Number of protein chains: 2
Amino acid sequence: MTTQELWKKYEEQRFKISAYDLLLSTTYYDADTIAPVKGRDYRNERMAYISGELFDIETDPEFIKLREELYRRDDLTFTQKQILKWELKDLESFRYIPKDVFVEYSELTMKANVVWKQAKNADDYKMFEPYLLKIIDMNKEMLKYRPGELKGYDVYLSDYEPGMTIEKYDRFFDLIREKLVPLIKKVSAASKIDTAFAYQFYPADVQRKMMYKILDYMKFDLESGLMGETEHPFTNSLSKHDNRITTHYYENSLLSSIFSVVHEAGHATYNYQVSDELAETYVFDNMSSGMHESQSRLMENYLARNSAFWDNLYPQMQELFPEQLKDISQQQFINAANAAECSLIRTDADELTYPLHILIRYEIEKGIFDGSIDVNDLENIWNNKYEEYLGIRPQKASEGILQDVHWSGGSFGYFPTYALGSGYAAQFVHAMRKDLDIEKCMHDNEFIKIKEWLKEHIHKYGGLYLPEEQIRIATGEDFDPNYYIEYLTEKYTKLYNL
Amino acid sequence: MTTQELWKKYEEQRFKISAYDLLLSTTYYDADTIAPVKGRDYRNERMAYISGELFDIETDPEFIKLREELYRRDDLTFTQKQILKWELKDLESFRYIPKDVFVEYSELTMKANVVWKQAKNADDYKMFEPYLLKIIDMNKEMLKYRPGELKGYDVYLSDYEPGMTIEKYDRFFDLIREKLVPLIKKVSAASKIDTAFAYQFYPADVQRKMMYKILDYMKFDLESGLMGETEHPFTNSLSKHDNRITTHYYENSLLSSIFSVVHEAGHATYNYQVSDELAETYVFDNMSSGMHESQSRLMENYLARNSAFWDNLYPQMQELFPEQLKDISQQQFINAANAAECSLIRTDADELTYPLHILIRYEIEKGIFDGSIDVNDLENIWNNKYEEYLGIRPQKASEGILQDVHWSGGSFGYFPTYALGSGYAAQFVHAMRKDLDIEKCMHDNEFIKIKEWLKEHIHKYGGLYLPEEQIRIATGEDFDPNYYIEYLTEKYTKLYNL
C-alpha cells in the first residue's frame, strides 16, 4: 500500500476514535454540569463500558501495526511524522496494560472519587486512606507495563510533561524554594492590602452578567464555545469549535469567579486557535499539561491581573455592582486581586504563594515513589510541610490532604505542571513584549492582538512539538525559570513596597 | 444453552445497546440545548457514525438469531416473552433496510432538517419542497423492506401506534369531524373570553421560578430529572432516573411555558414511574406515541387546566407577578387557559381546536400514501384544508405547511397519535374518577395520589402491552373515543354558556 493509502486508513480509524471521544466527552461534561444525581450509577456503568470499547479500538493490534508501519515510511511529511510520533508515545502509556487491569483501575478510581467526596465532606482522611493506598499500590505496580528508559516517578512526570524528569523538576523547585520562600516572608511581614470590599454580597446572576462582559472583552467566540457551571471549574475542548469552560459563583466573593473564568478561557483559547490543518488530528489536544497551564496562567495572572485589562471592564463592573464598588478605585481593585497571603487551599492561593502549594505536592509524590516517605503517615506529612513552607497548619482534612481531586483519580505527576506552566508563561510574556505593547493593546480594547500573537507563536501548532521545543520556537531561548522569579520578585516588591 | 444462559447473553447485548443509546441521547440533548452552533458539522458527522455502529449491533445477524431462538423457548416468563415480542416487532421496521439505504436516509433527513429551518425562516416552501418530495419518495420506496401483512400508510401508522390502522383512525377522525366541527362553530360564535392579561410582559427569569414551583407541586423529582431550555420543548428519558424536559420562555406570554412544562412533565413521569423490574429492559421506553401523549395531555389538559390544580399555585404566581395579575382572579386565569379560538399553529392551539389540526395532517398523509393527493400541490392542499376546517387560511408558509418539524425528519404516521393520546387520556381520567376525587387531591396538595394511580394502572407496565390492552387494563373497557367527545362537549358548553 502506498503511504497515502495507508494514511487514509489511519485517518479513518482516527475518525472512529474521535466519534467515541466526542460522545464520551459530551457525556462527561453533561455529568459534571447538569445530569441528575440519581442517574449516576446507570450512567457511570455505561460510560465505563464505552471507554472500554474505545480502549479496544486504540489498542487494536492491527491499528498499532498500521501506525508503526506508517511511522517507518520515509515519505511522510514532517507534520505527519510528528503526529504519529506523539500518538505512538502516548500509546506506550497504556498499550501494554492488560484490559482487566485497565478496567480494575478505572473502577477503582471511579469509586475512589466518590469516597473522596464523602471523606472530604466528613473531614475524615481515614475514610479515604485505604483507597489512596490502593491507588498508590496500583500506580507503582502498573509501572511494570511501561517499557522504556524512564523509571518510577519519572514515567508519570513524563506522561504529563514530555521531556521533564525528577532531575529537571528538582532544579526548578530548588529555585522556587530558594527565591520565593524569602520573598513570601517579606511580603507576610509587610502591611496588608485591603481586600474586604471583595467579600461583600455579589449576587450570582449579576456576577454571571459580568463574566459575559469579560468573555466579550476577550473576544471569546460563544458560537464556538460556551460557559457552564460546576462545583470545580474546568475546560474541555470537544472540538475546535466546541470549547467549553465552566465556573462556580461564590456570592460572598467577587474575585473567585472572575479569575477562574479568565483562566479557563485561556485553556479554551489554546485549542480554539489550533490551525485548521491540525484541528482534526491527534495534536489538536495532546499539548502537555504544563503548556496548557501556561496559556491559562498567562491570561489569568499576566493579563487579567494587570490593571490595563480593566481599563474597559472596571467601569462596567462598577455599574453592575454600584453599591459594592462605588468607593473602590480600579487601582484598589487590582491591588486586591494581587494581594498575597499564606493560605491552606491551593485553588484559592494567590500568584505568589501558589508555587509553594505545588512544591509541597511534588515533594510528597516524589517521596511516595522513591520510598522515602511513609505512605501510612501522609496526612501528617502534608500538614508538616504546610507548616514548614507556608507557616500554617491545616486543622481539617478538607483544608489539608483531602482538598484536591487529583490523587483520587490516580493522577500523580500532574501537580508539578501547574507551577511549570506559570514559569513558561513568564517567558512567553517576556517574548511577547518584544513584539507588542501589551498594556496598550488591553487599554485600546484590542485583546485580539494578544490572542493573535499567541496563535502565531504557540497555539496554531497544537501539540506538534515537545514543550521545550515549543518554548524555543516561541521565545528563541531554552526554558529559563528565572523569568518567572524575576517577574514575581519585581511585581511583589513594588506592590508591597519591599 | 439453557434459556437462562441465553437470556443472560441477551441482557449483555442489551446493556451494550443501552450504553450507545445513553451516550447518543445525551449528545442529542446537549446539541439541542447548549452545544455551540459552529461545532454542528463536526458533531453531526460523529453522531451519524455512532448511530451506524448502533445499527450494526442491533441488526447483527447473530444477535437477531439469539433473540429469535430465545423467543421460541417455552420456559420464558410472561414478561420476558412480552419484552422480546416488542423488540422483535420494532426490529422489523429496520432490519431489512440495507445499511447504505439507512445511511442515505439518515443523511437526507439530517440535511432536510437544516433546509426546513432555513425555509421556515425565509417563509419559502419551494426551498424545502424538493427535500420533502425526496423524503416521501424514500418513505414509499422503503416500504419494500417491510415484510408483513400491513401495506402502505398502515405500516407507518402501526410503527407509532401498534394496532392502529387507517380503518380505525378513519372511524376516530370521522367522530372528531362530526362532533367537534359543529361545537367549534358554536364556540366561535359565542362571546370571547378575555385573555389579554396573559400577554403582558412576563420576564423569563420570573417565569423560570414559577416553573420550579409547578414542578415542586407535581412532585417532579429533580434528582431524577432536570429542566432545560430549547426552541421546541421536548422530553427525553435517558434512564429511569434521568428524565429531561425542556421548555421555552416567551416573555410576552404567561401561558405557553406553563402548559408546555406540565405537558413534558407528564411524559417524564411516565418513564419515571416504570417499575424497577422493567427499567433496564426494552419496554422502559417503547410505549406507543399515543400512549405517551395520553400521559402528557392528561397532565396538561385534564389536570393543569382544571381550577383545582391552581388552588395552591395561583396565589404563588400572583406573588411572582404582582403587577400583571393583581386584578385577575383564579377563575379568570383558568378561563383564559381554556379559551378556544381557531388558529393556524398546531402547537399554540387550544384543547378544543387541536384535534382539527391533526385531522388535517392525517388526511394529507393518508392522501400522500394512497396517491389521492398530488404531492406537487401540498402547500395549496394544506391551506385549503385549514380554510375548510378552521375557517382561516395561512398567509405564510411558516404559519402553514412549514410549521412542523416532523416531515423533515421523515415522520409520517406520527401526527395522528397526538389526537389519539387526548382521546385515551379522557378515558383514563374517567376511570381514575371512580377511585379518586381528583379535584380534592389537587386542592389538598396531594398530586402524588394522582401520580400513584397512574403508576399503578399504567406507568409501571412501561410498554409491556399493546395500547388497546393497556387501556383495557387501566379502564376495564375497550378504547372509546366518546369519552373524549363528551368531555370536550361538556367542558366547552359550560365555559361558553352554549
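**Points about helix H10 (residues 255-272) of chain A**
And step 1. Taking 1.5 Å per residue as the helical rise, H10 of chain A with its 18 residues ought to reach 26 Å, and the 26 Å between its terminal C-alpha atoms agrees with that figure.
And step 2. For H10 of chain A, the buried fraction is high: 16 of the 18 residues fall into the buried class.

**Description of the sheet that holds strand E1 (residues 225-229) of chain A**
Residue and element names in this part refer to chain A.
And step 1. Pairing in this open sheet of 3 strands is mixed, and the strands run E1-E3-E2 from one edge to the other. Among the strands making up the open sheet, the edge pair consists of E1 and strand E2 (235-239). On average, each strand axis in the sheet is tilted by 20 degrees relative to the strand beside it, whichever way the strands run.
And step 2. Pairing analysis gives 5 bridges linking E1 to strand E3 (residues 242-247), with the strands arranged parallel. Looking at E3, one finds that Gly 228 is bridged to Thr 246.

**Focus: the nonpolar core**
And step 1. Ranked by size, the top nonpolar core spans 115 residues in total, and within it Ile 214, Ala 265, Leu 303, Leu 359 and Phe 428 of chain B carry the most contacts.
And step 2. Examining the composition of this core, we find that 10 residues originate from one element, helix H17 (residues 415-435) of chain B, more than from any other.
And step 3. Taken domain by domain, this core gets at least three of its residues from each of domain 1 (3-150) and domain 2 (166-495) of chain B.
And step 4. Every residue in contact with Leu 359 of chain B, bar those within four places of it in the chain, is listed here: Phe 173, Ile 176, Arg 177 and Tyr 389 of chain B.
And step 5. Residues Leu 215, Tyr 386, Phe 428 and Met 432 of chain A belong to the second largest nonpolar core, which totals 112 residues.

**Considerations on the relation of the copies chain A and chain B**
And step 1. Each copy of the sequence occupies a distinct position, and chain A is placed on chain B by a rotation of 180 degrees and an axial shift of 0.0 Å, giving an RMSD of 0.0 Å. The two molecules are tied by a two-fold rotation axis, judged by turn and shift. Residue Leu 23 of chain A, judged by its C-alpha, is the member of chain A lying nearest the rotation axis, at 2.9 Å.

**Regarding unusual backbone geometry**
The phi torsion of most residues other than glycine is negative, and most of the peptide bonds are trans.
Residue and element names in this part refer to chain A.
And step 1. For Asn 445, which is not glycine, the phi dihedral falls at a positive 60 degrees.
And step 2. Relative to the helices and strands, Asn 445 resides in the loop between helix H18 (438-443) and helix H19 (447-457).
And step 3. For Asn 445, a count of 12 C-beta atoms within 10 Å translates into the label exposed.

**Examining the packing of helix H2 (residues 40-58) of chain B against helix H5 (residues 99-122) of chain B**
All names here are of chain B.
And step 1. Their axes nearest at 11 Å, the elements H2 and H5 cross at an angle of 150 degrees. The handedness of the crossing between H2 and H5 is right-handed. Residues Asn 44, Ala 48, Ser 51, Gly 52 and Phe 55 of H2 form the contact with H5, whose participating residues are Lys 99, Phe 102, Val 103, Ser 106 and Met 110.
And step 2. Broken down by class, the residue content of the contact of H2 with H5 amounts to 5 nonpolar, 4 polar and 1 charged.

**A word on helix H17 (residues 415-435) of chain A**
Think of an α-helix as turning once every 3.6 residues; residues three or four places apart then point the same way.
And step 1. Helix length check: H17 of chain A, at 21 residues, gives a terminal C-alpha distance of 32 Å against a target of 30 Å (1.5 Å per residue), a fit within 8%.
And step 2. Within H17 of chain A, 16 of the 21 residues are buried, which leaves it mostly tucked inside the rest of the structure.

**Some points on the domain arrangement of chain A**
Residues and elements named next belong to chain A.
And step 1. Split into domains, chain A comes out as domain 1 (3-147) and domain 2 (166-495).
And step 2. Between domain 1 and domain 2, the C-alpha centre-to-centre distance is 26 Å.
And step 3. Contacts between the two partners involve 30 residues from domain 1, matched on the other side by 29 residues from domain 2.
And step 4. Every element with two or more residues in the side of domain 1 that touches domain 2 is listed here: helix H1 (3-33), helix H4 (78-92), helix H5 (99-122) and helix H6 (125-141).
And step 5. Looking at which element gives the most residues to the side of domain 1 that touches domain 2, the answer is H1, with 8 residues.
And step 6. Residues belonging to the side of domain 1 that touches domain 2 are distributed by class as follows: 14 nonpolar, 9 polar and 7 charged.

**Remarks on the interface of chain A and chain B**
And step 1. Residue-level contacts link 28 residues of chain A with 28 residues of chain B.
And step 2. It is H1 of chain A that contributes the most residues to the side of chain A that touches chain B, 9 residues altogether.

**Considerations on the sheet that holds strand E2 (residues 235-239) of chain B**
All names here are of chain B.
And step 1. A sheet is described by the order of its strands in space; here 3 strands give the open sequence E1-E3-E2, paired in mixed fashion. In the strand order of this sheet, the two ends are held by strand E1 (225-229) and E2, each with one partner. Adjacent strand axes in the sheet meet at a mean angle of 20 degrees when their direction is disregarded.
And step 2. In the sheet, E2 pairs with strand E3 (residues 242-247) via 4 bridges, with the strands oriented antiparallel. By the bridge assignment for E3, Asn 236 is matched with Arg 244.

**A word on the environment of Ile 245 of chain B**
All names here are of chain B.
And step 1. Locating Ile 245 in the fold gives a position in strand E3.
And step 2. Ile 245 sits 18 residues away from Met 227 along the chain, and the two C-alpha atoms are 4.9 Å apart.
And step 3. Not counting the four nearest positions on each side in its chain, Ile 245 is found in contact with Gly 225, Met 227, Thr 235, Val 261, Glu 264, Ala 265 and Ala 268.

**Digging into the environment of Asp 30 of chain A**
And step 1. Among the structural elements, Asp 30 of chain A can be located in helix H1.
And step 2. The class for Asp 30 of chain A is buried, based on 23 C-beta atoms found within 10 Å.
And step 3. Counting along the chain gives 198 residues from Asp 30 of chain A to Gly 228 of chain A, while the straight-line C-alpha distance between them is 9.8 Å.
And step 4. Residues within four places of Asp 30 of chain A in sequence aside, it is in contact with Ala 35 of chain A together with Thr 26 and Asp 30 of chain B.

Criteria and thresholds
Residue indices begin from 1 for each chain and proceed along its sequence in written order. Written order decides the labels, with chains lettered from A and ligands numbered from 1. With pLDDT at 70 or above as the cut-off, local features in this predicted model cover only qualifying residues; side-chain atom pairs require 80 or more to be listed or tallied, and sums for whole chains, interfaces and linings still use all residues. Secondary structure elements are taken from DSSP: a helix is a run of H or I of four residues or more, a strand is a run of E of two residues or more, and numbering for both begins at the N terminus. Expected helix span is given by 1.5 Å per residue-to-residue step, counting one fewer step than there are residues. Residue burial here comes from a neighbour count, namely the number of other C-beta atoms, placed from the backbone, that lie within 10 Å of the residue's own C-beta, with 20 or more meaning buried, 12 or fewer meaning exposed, and in between meaning partly exposed. Only when DSSP finds a minimum of two bridges between them are two strands counted as paired. Axis lines are fitted through C-alpha atoms, for helices just across the contact stretch, and the angle between N-to-C directions can take any value from 0 to 180 degrees. By definition, a nonpolar core groups buried Ala, Val, Leu, Ile, Met, Phe, Trp, Tyr and Cys residues that are joined through C-beta atoms within 7 Å. Each domain's limits were defined by an automated method or a database of domain assignments. Two residues form a contact once the distance between their C-beta atoms, set from the backbone, is within 7 Å. A least-squares fit on C-alpha atoms brings the copies together, and the residues used are those whose pLDDT is at least 70 in both copies. Left-handed describes a crossing in which the near helix is turned anticlockwise from the far one by less than a right angle; the clockwise case is right-handed. When residues are sorted by character, Ala, Val, Leu, Ile, Met, Phe, Trp, Tyr, Cys and Pro go into the nonpolar class, Asp, Glu, Lys and Arg into the charged class, and all the rest, Gly among them, into the polar class.

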